[in-house]
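Take a look at the letters that make up each chain.
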Amino acid sequence: MKWRWVQDWFHKADKNNDGKMNFKEVRKLLKMMNVDMNEEHALHLFTMADQSQCGSLELEQFVLFYKMLTQRDEVWRVFQDYSGDGETLTLEELENFLNVEQQEGEGSAQHARQLMEHYDPSGTAKKQGTMSLDCFQMYLCSPEGSIFKPECLGLYQDMSQPLSHYFISSSHNTYLMEDQLRGHSSLEAYIQALKRGCRCVEVDCWDGSDGEPVVYHGHTLTSKILFKDIIATLKEYAFTTSDFPVILSLENHCSVEQQTVMARHLNKILGGTLLRNTLDGHTTPQSLPSPQELKGKILLKAKKIGDAEGSLDKVLTDDKSDEDDLANGEAVEESKLSRELSDLVVYCKSVHFRGFKDTPLHTKCNEMSSFSESKAKRLARDAGADFVRHNVKQLSRIYPSGLRTDSSNYNPQELWNVGCQIVALNFQTAGLEMDLNDGLFGQNGRCGYVLKPSFMRNYHTTFNPEKPQEHPGYRPLRLSIQVMSGQQLPKVNQKEGSIVDPLVRVEVYGVPQDQAKEETSHINNNGFNPVWNQTLNFIIHTPDLAMVRFVVEDYDKTSKNDFIGQYSLPFTCIQSGYRHIHLLSKDGTAIPPASLFVNISISKPT
């Protein structure tokens, strides 16, 4: 029911359970609901709702009082623009609104009929063919009235292209719940990452004291968990959120003996879920398979013995050698590999990166390199077009600097800009970086795979994120956002009598030229229904790579603003027109009914 949550508040505040509330109690409840009202105005509405004139409101009267309080003038004005009689919208008027304001085009007639039936609980629309203001507001606040295109929410992309053609949701040091020095290692961290749509998890393996390999952040005080327990957890949770393949990124510090134990655990626990052979039967894969072909499979990413005979071989390690070494340049060491473990590596063979000159002709599609964030960013800046071409055929994995001992994150956007697929983040650390990750992978059924733009899937591409204008497919767009109002913004400070002073900032992330921020002014003492009516404008040079983040903050003139809520999504998933943005908390969870009401226009720059 629409007003159910208001009833819940009423019952929560009705301490003596007499089903009534006087004005003083109602005022206290409004404070709890983050409503700061002019007392005279509130008392006037209270008196109107108190139909029995007994000085208190029963539940139904309180709901009426709250309805009067929450009348949205800005929604009413939009409604009035299209309503002939000022009371209702006819089918034709609603269709007109959908066509003109919501930019729905040909489908607007059918959609208008569906909306009338769906948002009319009383059934009057069917009889009269009209929509009331209440129903109109319900539609605008619903998922259909959301900023996120409904057609992008489900699985809508082609999943039959090579793995290297997708961005892949990826976690760094997945076993850690906290920081990199003393943090708790936990199986729960794997469960949470997988439930969040992560498709590449990491294990750091070391020799255990009793012959059983353990996982922890080496040379630190982080706690240890058994390798076999992680594999059992992976078996259970790998495909609860998505059917598409999971890549197990192995950071191997074990002796040959314990590597062999690891191989046996992988075989025994994962069984047929573990991919052991190429799909086409070739010893050396000719091309990477697609997520569709690899559904329900777990792929091991690790070093592999070359063509040498024998059960052991010396190989050059890569991956985190330069992370372990931090600032001392690239450390390349020799280690011995177990043949049993090596044989389980099929499509994700870790190799040391030797520059772009050898690609794409001299590389094998199953060879992939890992880059520290600093090295990857340097390559992106100095050789962006080469990096984009490299990532058409090869998988690249990026990981945070070893200096980030607090488990902070780097901005993944810079690496997505050059087509890097496995941009690994510390999932346990909330903030801008994970907001962008959740935003990018919030589309396509949250399956953990997002198809890269077409100019990143072509070997002959000339795209360079540093110079988007030079690309033949350059088509910039203007994004205009009228920030109209906010609803039910949560309190930041729980102190008695504290009300927020909200402002809205819109941030654009993408190619360097698209990085931009604009914000509204702040509204004093109103977290309940602040109205801004301010327009923020942006030029988006590479729409296919841009992310848009809406941030609401509590303004503070003497110190840093406090975070209230945010919402991030790909530019390509934005719906034009009057839309609500349903805000998320710092850790990415919903905070209903907090929202923003905006009017969005996307056009060609003039």
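Anyway, here's the lowdown on the structure attached to this text. (Residues numbered from 1 in each chain as written. Predicted model: local features only at pLDDT ≥ 70, side-chain atom pairs only at ≥ 80, totals over all residues. Heavy atoms only, no water.)

### So, the overall build of the chain
The condition is simple: In this text, helices come from DSSP runs of H or I with a minimum length of four residues, and strands from runs of E with a minimum of two, each type numbered from the N-terminal end. Relative accessible area decides the class of each residue, using a 1.4 Å probe on protein chains only: under 20% of the type maximum gives buried, over 50% gives exposed, and in between gives partly exposed. Residue contacts are defined here by distance: any two heavy atoms, one from each residue, within 4.5 Å place the two residues in contact. In short, Shrake-Rupley with a 1.4 Å probe defines the accessible areas, and a residue's cover is counted only from the protein chains shown.
Within the chain one finds 18 helices and 25 strands. The buried share of the chain, reckoned over its 606 residues, is 55%. Pairs at least 24 apart in sequence give 70% of the contacts found in the chain among residues at least 6 apart. Taken as a whole, the chain presents about 26600 Å² of accessible surface, with 48% of it coming from carbon and sulfur.

### Regarding the environment of phenylalanine 387
The topology assignment puts phenylalanine 387 in helix α16 (residues 384-393). The spacing of phenylalanine 387 and phenylalanine 356 is 31 residues in sequence and 7.4 Å in space, taken between C-alpha atoms. Setting aside residues up to four positions removed in sequence, phenylalanine 387 forms contacts with Phe356, Phe371, Ala376, Leu379, Ala380, Ser396, Val418 and Cys420.

### Comments concerning helix α2 (residues 23-32)
Note the following rule: Directions pointing from the helix axis toward each C-beta atom define the arc. Side-chain atoms alone can form a polar contact between residues adjacent in sequence; in general such a contact is a pair of N or O atoms within 3.5 Å, and within protein one must be able to donate a hydrogen while the other accepts it.
Considered for burial, the residues of α2 that qualify are Phe23, Val26, Leu29 and Leu30. The buried side chains of α2 occupy one side of the element, clustering within an arc of 115 degrees when seen end-on. Exposed residues lying more than 90 degrees from the buried face of α2 are Lys24 and Lys28. Capping the start of α2, asparagine 22 holds a side-chain oxygen 3.1 Å from the backbone nitrogen of lysine 24, two or three residues further along.

### Details of the packing of aromatic side chains
The condition that has to hold: Ring pairs are drawn from Phe, Tyr and Trp, using the six-membered ring of Trp, whenever the two centres fall within 6.5 Å, and their geometry is named by plane angle: stacked under 30 degrees, edge-to-face over 60, tilted for the rest.
The final tally for this structure, using the stated rule, is 21 aromatic pairs. Where phenylalanine 79 meets phenylalanine 136, the ring centres are 5.5 Å apart and the plane angle is 55 degrees; that geometry is what we call tilted. Here phenylalanine 79, found in helix α5 (residues 73-82), pairs with phenylalanine 136, found in helix α9 (residues 133-141); they are 57 residues apart in sequence, far enough to count as distant. We classify phenylalanine 79 as buried; its relative accessible area is 1%. We classify phenylalanine 136 as buried; its relative accessible area is 0%. With centroids separated by 6.4 Å and ring planes inclined at 55 degrees, the aromatic side chains of phenylalanine 136 and tyrosine 139 adopt a geometry described as tilted. In this pair, phenylalanine 136 and tyrosine 139 both sit in helix α9, three residues apart, roughly one turn of the helix. The pair formed by phenylalanine 136 and tyrosine 139 is uniform in burial state, with each residue classed as buried. In textbook terms, an aromatic cluster arises when at least three aromatic residues are bridged by ring pairs, as seen for Phe79, Tyr82, Phe97, Tyr119, Phe136, Tyr139, Tyr578 and Phe597.

### Considerations on the state of the cysteines
Disulfides are covalent bonds that connect the sulfur atoms of two cysteines. Where we set the bar: Disulfides are defined as pairs of cysteine sulfur atoms found within 2.5 Å of each other.
Under the counting rule described, the total for this entry stands at zero disulfides. Here cysteine 205 is not cross-linked by a disulfide; its sulfur's nearest cysteine counterpart is in cysteine 254, at 5.2 Å.

### Focus on the pattern of salt bridges
Put simply, the rule reads: Counted as salt bridges are all cases of a side-chain nitrogen of Lys or Arg within 4 Å of a carboxyl oxygen of Asp or Glu.
Here the structure, examined in full by the defined rule, presents 15 salt bridges. Note that aspartate 386 is salt-bridged to arginine 389, the shortest N-O span being 2.8 Å. Linking aspartate 386 with arginine 389, this pair stays in helix α16, spanning three residues, or about one helical turn. Accessibility expressed as a relative area gives 30% for arginine 389, which makes it partly exposed. One salt bridge in this structure joins glutamate 507 and arginine 549, with 2.9 Å as the shortest N-O distance. Here glutamate 507 is found in strand β19 (residues 502-509), whereas its partner arginine 549 is found in strand β22 (residues 547-554), with 42 residues between them in sequence. Judged by relative accessible area, glutamate 507 falls into the buried class, the value being 2%. Counted as one network, the salt bridges with shared partners bring together Asp435, Arg505, Glu507, Glu519, Arg549 and Glu553.

### What to know about the packing of helix α11 (residues 227-237) against helix α12 (residues 256-270)
For the record, the criterion: A fitted line through C-alpha atoms serves as each axis, taken over the contacting stretch for helices, and the angle formed by two N-to-C directions is quoted from 0 to 180°. When an angle is under 35 degrees it counts as roughly parallel; over 145 it counts as roughly antiparallel; between 65 and 115 it counts as roughly perpendicular; any other value is oblique. We call a crossing left-handed when the near helix sits turned anticlockwise from the far one by less than a right angle, and right-handed when that turn is clockwise. Throughout, the ten residues Ala, Val, Leu, Ile, Met, Phe, Trp, Tyr, Cys and Pro are labelled nonpolar, Asp, Glu, Lys and Arg are labelled charged, and all others, Gly among them, are labelled polar.
Interhelical geometry of α11 versus α12 gives an angle of 25 degrees and a closest axis separation of 10 Å. By the criterion of interaxial angle, the relationship of α11 to α12 is roughly parallel. Once α11 is placed against α12, the crossing between them reads as right-handed. Every residue of α12 that contacts α11 at Phe227, Lys228, Ile231, Ala232 and Lys235 is listed here: Met262, His265, Leu266, Ile269 and Leu270. Split into classes, the residues belonging to the contact of α11 with α12 amount to seven nonpolar, one polar and two charged.

Purely geometric stuff here, so don't read any function into it on its own.
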